[in-house]
Amino acid sequence: MAKVITMGEIMLRLSTPNNEKFIQADEFDVNYGGGEANVAVSLANYGHDAEFVTAVPDNEIGECAVAALRKYNVGTKNIAKCGERLGIYFLESGSSMRPSKVVYDRAHASIATATAKDFDFDKIFEGADWFHFTGITPAVSDSAALLTEEALKAAKRHNVTVSVDLNFRKKLWSSEKAQKVMTSLMQYVDVCIGNEEDAELVLGFKPGNTDVTSGDLELAGYKDIFEQMVAKFGFKYAISSLRVSHSASDNGWSACIYKGETKEFYHSKEYSIHPIVDRVGGGDSFAAGVICGLVDGKDFKAALEYGVAASALKHTIPGDFNLVSRKEVDTLAGGDASGRVQR
């Protein structure tokens, strides 16, 4: 099994129960999660040696976040105890035509003030096979952006394969700043993952006539921007998830991949996900599934199918973490979407 390092912020998630609006809620459901943490949990669940790098406050809430990772066999020895607080996000779960809403309370979180001095990156990446980060971490603060770059430099010193999920968050930074920061980080990246919005807002590439709200996905447009991205940044693979949002409860879900070496383009099978239980973490479960497929030695098409199947299943699970087994992913990827009771 591979040794995979992920780095980012883990947050306390407070979500309204039973699809209530914030104004209705008298209580919140408590979970922990965050882009790179969610990826680490998936990979540990698939049997890989997954280590999560972050900073949490040296208090009981920080310990709860670490415990949530340990519960699912994620390595936590490289988590720094420093800073003031754990970030929080509030989630109002949407339904039908009412979208979900997220409110962040993450200013001055531990990861936002952490520096490279809080970590021994050469030790962290010793013997590692893969490093994954997202565009969320450098968006948290200028300090976190510098921390991300130091981690990437160390990963490359140790010949570690690097993947990024672009993950643009307009509540954290502007497209202009995202492009300035993230473009400079792409020199370290081997595998680039994102969706149509990420490609445009983070890297400045826009697929052709694509409108996800109308169900119109022009695959030729994705192939075109993948070719441009690979030509500019030298990615081994460029990957995009494809979500057709019919409503908050009903999505079409597939993905496409471009292999730089052979210039092959592939579009996966599409799943109709209805009803959606929880779409938060869907992209992270997709990234983790693709990474798992690639480090397992699957060809790029099979790795993509594995990622799409894993993520489709995540949409049926509440919370940030994808807790399905390899067997469940293999079953769905193999064509069995019956949902029949397993006895």
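What counts, and at which threshold
Residues numbered from 1 in each chain as written. Predicted model: local features only at pLDDT ≥ 70, side-chain atom pairs only at ≥ 80, totals over all residues. Heavy atoms only, no water. Salt bridge = Lys/Arg side-chain N within 4 Å of Asp/Glu carboxyl O. Helix = DSSP H or I, 4+ residues; strand = E, 2+ residues; numbered from the N terminus. Buried < 20%, exposed > 50% of the residue type's maximum accessible area, 1.4 Å probe, protein only. Pairing = 2+ DSSP bridges. Expected span 1.5 Å × (residues − 1). Polar contact = N/O pair within 3.5 Å; in protein donor to acceptor, adjacent residues only side chain to side chain. Core = buried A, V, L, I, M, F, W, Y, C linked by side-chain atoms within 4.5 Å. Contact = heavy atoms within 4.5 Å. Phe/Tyr/Trp six-rings, centres within 6.5 Å; stacked < 30°, edge-to-face > 60°. Lys NZ or Arg CZ within 6 Å of the ring centre and 35° of its normal. Axes fitted to C-alpha atoms, helices over the stretch in contact; angles between N-to-C directions. Parallel < 35°, antiparallel > 145°, perpendicular 65-115°, else oblique. Nonpolar A, V, L, I, M, F, W, Y, C, P; charged D, E, K, R; others polar.

Before going further, it helps to examine the pattern of salt bridges. Within this structure, the stated rule accounts for 14 salt bridges. For Arg157, the salt bridge identified is with Asp122, shortest N-O distance 3.1 Å. Residue Arg157 is found in helix H6 (residues 142–157), and its partner Asp122 is found in helix H4 (residues 121–124); the two are separated by 35 residues along the sequence. For Arg157, a relative accessible area of 52% corresponds to the exposed category. Lys177 serves as the salt-bridge partner of Asp142, at 2.7 Å between the closest nitrogen and oxygen. A residue pair is termed long-range when its members are at least 10 positions apart, and Asp142 in helix H6 and Lys177 in helix H7 (residues 175–185) qualify at 35 residues.

In regular strands, side chains alternate between the two faces of the sheet. Counting buried residues along strand S8 (residues 130–134), five of its five residues qualify, which places the element largely inside the surrounding structure. Residues Trp130, His132 and Thr134 point to one face of S8 and Phe131 and Phe133 to the other, with burial holding for every one of them. In the sheet, strand S1 (residues 3–7) pairs with S8 via three bridges, with the strands oriented parallel. Paired with Thr6 across the strands is His132, a residue of S8. Two elements, S8 and strand S9 (residues 161–165), share five bridges in a ladder whose sense is parallel. Paired with Trp130 across the two strands is Thr161, which belongs to S9.

Let's shift gears to helix H11 (residues 300–314). Each turn of an α-helix holds 3.6 residues, which means side chains three or four residues apart point in the same direction. Taking 1.5 Å as the rise per residue, H11 with 15 residues should run 21 Å; its terminal C-alpha atoms sit 21 Å apart, in good agreement. With 13 of 15 residues buried, H11 is to be regarded as a mostly interior element. For H11, the N-terminal cap is Asp299; the gap from its side-chain oxygen to the backbone nitrogen of Lys301 is 2.9 Å.

It is worth spelling out the nonpolar core at this point. One finds Ile10, Leu69, Ile239 and Phe286 to be the most contacted residues of the largest nonpolar core, which totals 56 residues. Among the elements that line this core, the one with the most residues is H11, at nine residues. Apart from residues lying up to four places away in sequence, Leu69 is in contact with Ile10, Ala37, Val41, Phe52, Val74, Thr76, Ile79 and Phe321.

Scanning all chains against the criterion turns up 13 aromatic pairs. Seen from their ring centres, Phe119 and Phe121 are 5.6 Å apart, and the 20 degrees between their planes marks the pair as stacked. Centroid distance Trp253 to Phe286: 6.3 Å. Interplanar angle 85 degrees. Geometry classified as edge-to-face. Of the two residues, Trp253 sits in strand S12 (residues 250–259) while Phe286 sits in helix H10 (residues 282–295), which places them 33 residues apart along the sequence. Note on Phe286: relative accessible area 1%, which makes it buried. Taken together, the ring pairs connect Phe119, Phe121, Phe125, Phe131 and Phe133 into an aromatic cluster. In this structure, Arg106 is placed above the aromatic ring of Tyr104, and the distance from its NZ or CZ to the ring centre is 4.6 Å. Directly above the ring of Tyr306 sits Lys298, whose terminal nitrogen or CZ lies 4.7 Å from the centroid.

Attention now moves to unusual backbone geometry. The omega torsion of the bond from His274 to Pro275 falls at 0 degrees, within 30 degrees of zero and hence cis. Non-glycine residue Asn73 carries a positive phi angle of around 65 degrees. With respect to the helices and strands, Asn73 occurs in the loop between helix H2 (60–70) and strand S5 (79–81).

Pairing in this open sheet of four strands is mixed, and the strands run S3-S2-S6-S7 from one edge to the other. Bordering the open sheet on either side are strand S3 (29–33) and strand S7 (101–105), each of which pairs with just one other strand. Geometrically, the sheet is characterised by an average inter-axis angle of 25 degrees between neighbouring strands, direction not taken into account. One ladder, built from five bridges, connects strand S2 (residues 11–15) with S3; its direction is antiparallel. By the bridge assignment, Leu14 is partnered in S3 with Val30.

Moving on: the packing of H7 against helix H8 (residues 196–203). With their axes 7 Å apart at the nearest point, H7 and H8 run at an angle of 85 degrees to one another. By the criterion of interaxial angle, the relationship of H7 to H8 is roughly perpendicular. Taken together, the residues of H8 that come into contact with H7 (itself represented by Ser175, Ala178, Gln179, Met182 and Thr183) are Glu200, Leu201, Val202 and Leu203. Tallied by class, residues from the contact of H7 with H8 come to five nonpolar, three polar and one charged.

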